[in-house]
Amino acid sequence: MKPFDKCPVCCGDLTEKVVEKLLCGGKDTAIVKVKAEVCLHCGERLYPLATVEQFEDIRNKLKRQDTASFKPLGKSFLVG
């Protein structure tokens, strides 16, 4: 059973989707594709507890620069 039948922000309908989540740690960023319940009205995303714990683990690895198991995607630049 899902924890919410409707969006807790706007009471809109929820649907399961695969979404991309940006996670930052230190100077690095990771992109993670995960399943989430997404509100069809306001776009609010609801993640399972295990996914939130995965986010924290990834953020901690980024902070420690423990990224050997991550796939590099390129480089980012700050202009200006």
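For the structure, see preceding data.
Values in this document were obtained by computation on a predicted structure and should not be read as measured data.

### Digging into the packing of aromatic side chains
Step number 1: Taken as a whole and assessed by the stated rule, the structure comprises one aromatic pair.
Step number 2: A ring pair is formed by Tyr47 and Phe55, whose centres lie 5.0 Å apart and whose planes are at 80°; its orientation type is edge-to-face.

### Brief notes about the sheet that holds strand β2 (residues 28–39)
Each strand in a sheet pairs with its neighbour through backbone hydrogen bonds, running either in the same direction (parallel) or in the opposite one (antiparallel).
Step number 1: Taken in spatial order, the three strands make up an open sheet running β1-β2-β3, and their pairing is antiparallel. Where the open sheet ends on each side, the last strands, each with one partner, are β1 (14–25) and β3 (45–46).
Step number 2: Two strands pair when backbone bridges link them, and β2 and β3 are joined in this way by two bridges, in the antiparallel orientation. Directly across from Glu37, in β3, lies its bridge partner Leu46.
Step number 3: Its contacts with the sheet place helix α1 (residues 49–64) against β1 and β2, and it is angled at close to 20° to β1.

Calculation rules
By convention here, each chain's residues receive numbers from 1 onward along its written sequence. With pLDDT at 70 or above as the cut-off, local features in this predicted model cover only qualifying residues; side-chain atom pairs require 80 or more to be listed or tallied, and sums for whole chains, interfaces and linings still use all residues. Note that the side-chain values use all heavy atoms of the structure and ignore hydrogens as well as water. Only rings of Phe, Tyr and Trp enter the pairing, Trp through its six-membered ring, and a pair is recorded when the two centres are within 6.5 Å. The plane angle decides the type: under 30 degrees is stacked, over 60 is edge-to-face, the rest tilted. Any two strands are treated as partners once DSSP identifies two or more bridges connecting them. A run of H or I in DSSP counts as a helix once it spans at least four residues, and a run of E counts as a strand once it spans at least two, with each numbered from the N terminus. Contacts between residues were defined by any pair of non-hydrogen atoms, one from each residue, lying within 4.5 Å. Fitted lines through C-alpha atoms serve as axes, helices being fitted only where they are in contact, and the angles separating the N-to-C directions of these axes extend from 0 to 180 degrees.

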